[in-house]
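What follows is the residue order along each chain.
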Amino acid sequence: MNPRRLLVLALLVLIPGAAAIAAQGALPGDVAITRALQGALGRAPAWAGPMTDMAKAPWLWASMVAAVILAGLAGGRLRAASPLLAYGFAWGVDHMLRMLIFVPRPDAALVAVATASSSSGLPSTFGLVFGALFGAAFWIRGSGVRHQAVLALSALFMAVGAAARIVLGGHWLSQMVPSFALGILLAGLAVWLIGRLPYPSRSKG
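Figured I'd write up the structure that's included with this text. (Residues numbered from 1 in each chain as written. Predicted model: local features only at pLDDT ≥ 70, side-chain atom pairs only at ≥ 80, totals over all residues. Heavy atoms only, no water.)

1. So, the overall build of the chain
The helix and strand tally for the chain stands at eight helices and zero strands. Along its sequence from the N terminus, the chain presents helices and strands in the succession α-α-α-α-α-α-α-α. By the compact-globule yardstick of 17 Å for 205 residues, the chain fits well, its C-alpha radius of gyration being 17 Å. Overall, the chain is about 60 × 35 × 30 Å in size when its C-alpha atoms are taken along their principal axes. Counting only residues that meet the buried cut, the chain has 46% of its 205 residues in that class. Counted over contacts in the chain with a minimum sequence separation of 6, partners at least 24 positions apart contribute 79%. Summed over all atoms, the accessible surface of the chain reaches about 10,100 Å², with 70% contributed by carbon and sulfur. Side-chain charges in the chain split into 15 positive and 4 negative, and the spacing between the mean points of these groups amounts to 19 Å. (Helix = DSSP H or I, 4+ residues; strand = E, 2+ residues; numbered from the N terminus. Rg over C-alpha atoms; globule rule 2.2 N^0.38 Å. Buried < 20%, exposed > 50% of the residue type's maximum accessible area, 1.4 Å probe, protein only. Contact = heavy atoms within 4.5 Å. Areas by Shrake-Rupley, 256 points an atom, 1.4 Å probe, with all protein chains shown as cover. Lys, Arg positive; Asp, Glu negative; His and termini not counted. Charge placed at Lys NZ, Arg CZ, Asp CG, Glu CD.)

Spelled out as C-alpha cells, the structure:
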C-alpha cells in the first residue's frame, strides 16, 4: 500500500472529521459550496435522488456489480472480490461510528434540504459505501488505457455521488470528504488483505 496515499487519506479523515465534530455544524465554505451547486444544478435535480439510492438496497446491488466489474478489470478475478469485502468493513464502521459520534446534517435555514433527517451527518453512509466500493481500483497497480479508464469511471461514480448528496442538502462537503476518504481506506485494506491470499496465480497489485 502506498504510504503517501495512506497519509493523505488519513489526514482527510481526521482533520475535517475532527473539525466537523467540534463545530457541530457547517465549516467555512460548506454553505457557499452547497448554494453554488444548488444554483448551478437546481435544488433537487432529477438525477440526484436515484444516485443517492445507489447506496441503498435494492439499487446497492447494482453498485456492487459495477464495482466488482471495475475491480476485476483493474486487477483480475481475485481482486474483483475486494469491493465486497470493503463494503463489509464499511457497514461495520458506519454502525460503530454512529454509536460514538453525532454531527448535525445541513440546516434548512441555510440551504435547501430535499429530505430532512435527524440522523448524524457524519459519517455519510453514502460516502463510506461508495468510497469502499469504488475506491478499490485506486489501490490496484496497473497501467494502460484500460486501467486509466477504470480509475476515471471509479472517480466519476464517487464525484457524482458526492455532488448528489450535497445538492440535495443531505450532507455538507466537510462531512462527505472524511466519509469518502475513510471508505477508500477500507477499500485499500480489502485489496491488501486479498492480495495476501496464497493464490500463486494471483495478479500483483
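2. Here's the deal with helix α7 (residues 144-167)
Spanning 24 residues, α7 covers 34 Å between terminal C-alpha atoms, matching the ideal 34 Å at 1.5 Å per step. When we look at burial in α7, the residues that qualify are H147, V150, L151, S154, M158, G161, A162, A163, A164, R165, I166 and V167. At the exit of α7 stands G169, carrying a positive phi of roughly 75°. (Expected span 1.5 Å × (residues − 1).)

3. Quick look at the layout of surface pockets
Its boundaries defined by the atoms lining it, the largest pocket holds a volume of some 340 Å³. In terms of lining, the largest pocket is formed by 18 residues, of which the most central are T52, K56, R105, R165 and H171. (1 Å grid on protein atoms, 1.4 Å probe; cavity = no way out; pocket = protein on both sides within 12 Å on 5 of 7 lines; lining within 4 Å. Points joined across faces, edges and corners; volume = space filled by probe spheres on them.)

4. Considerations on the packing of helix α1 (residues 3-23) against helix α8 (residues 173-195)
Packed helix pairs are specified by the crossing angle of their axes together with the interaxial distance, meaning the distance between the axes. Running from N to C, α1 and α8 point in directions that differ by 145°, and their axes come no closer than 8 Å. As α1 runs across α8, the sense of the crossing is left-handed. On α8, the residues touching L6, L9, A10, L12, V13, P16, G17 and A20 of α1 are S174, V177, P178, A181, L182, I184 and L185. (Axes fitted to C-alpha atoms, helices over the stretch in contact; angles between N-to-C directions. Left-handed = near helix turned anticlockwise from the far one by under 90°.)

5. Quick notes on the side chain of R165
With respect to the secondary-structure elements, R165 resides in helix α7. Buried within the structure, R165 lacks any salt-bridge partner; D53 is the closest side chain of opposite charge, at an N-O distance of 7.7 Å. Excluding its chain neighbours within four sequence positions, the residues that come into contact with R165 are T52, R105, F126, G170, H171 and M176. (Salt bridge = Lys/Arg side-chain N within 4 Å of Asp/Glu carboxyl O.)

6. A short note on the nonpolar core
With 45 residues, the main nonpolar core has V129, F130, L133, F134 and F180 as its most contacted residues. Apart from residues no more than four positions distant in its own chain, F134 is found in contact with S63, A66, A67, L70, S154, F157 and M158. (Core = buried A, V, L, I, M, F, W, Y, C linked by side-chain atoms within 4.5 Å.)

7. Description of the pattern of salt bridges
All told, the structure shown has two salt bridges when counted by the stated rule. Between D53 and K56 there is a salt bridge, with its nearest N and O atoms 3.4 Å apart. Looking at D53, the relative accessible area reads 29%, which means it is partly exposed. Look at K56 and you get partly exposed, because its relative accessible area is 46%.

8. Remarks on unusual backbone geometry
Of the consecutive residues A57 and P58, the connecting peptide bond is found in the cis state with omega at 5°. Following L122, the chain continues into P123 via a peptide bond in cis, with omega recorded as 0°. Its location among the elements puts P123 in the loop between α5 (82-100) and α6 (125-134).

9. A word on a nonpolar patch on the surface
A cluster of nonpolar side chains, contributed by M1, L189, W192 and L193, occupies part of the molecular surface with about 330 Å² of accessible area. Here M1 is to be found in the segment before α1. (Patch = residues over 30% accessible without salt bridge, like charges linked within 9 Å, V, L, I, M, F, W, Y side chains within 5 Å.)

10. Focus: α6
Taking burial as the measure, the ten residues of α6 include nine buried ones, the bulk of the element. Within α6, burial applies to F126, G127, L128, V129, F130, G131, A132, L133 and F134. On the buried face of α6, the contacting elements are α3 (48-53), α4 (60-79), α5, α7 and α8.

11. Topic: the side chain of S82
Position of S82 relative to the elements: it lies in helix α5. A residue is classified by how much of its surface remains accessible, and S82, at 0% relative accessible area, is buried. A polar contact is formed between the side chain of S82 and the backbone oxygen of R79, at a distance of 2.6 Å. Aside from chain neighbours lying at most four places away, what touches S82 is A71, A136, A190, V191 and I194. (Polar contact = N/O pair within 3.5 Å; in protein donor to acceptor, adjacent residues only side chain to side chain.)

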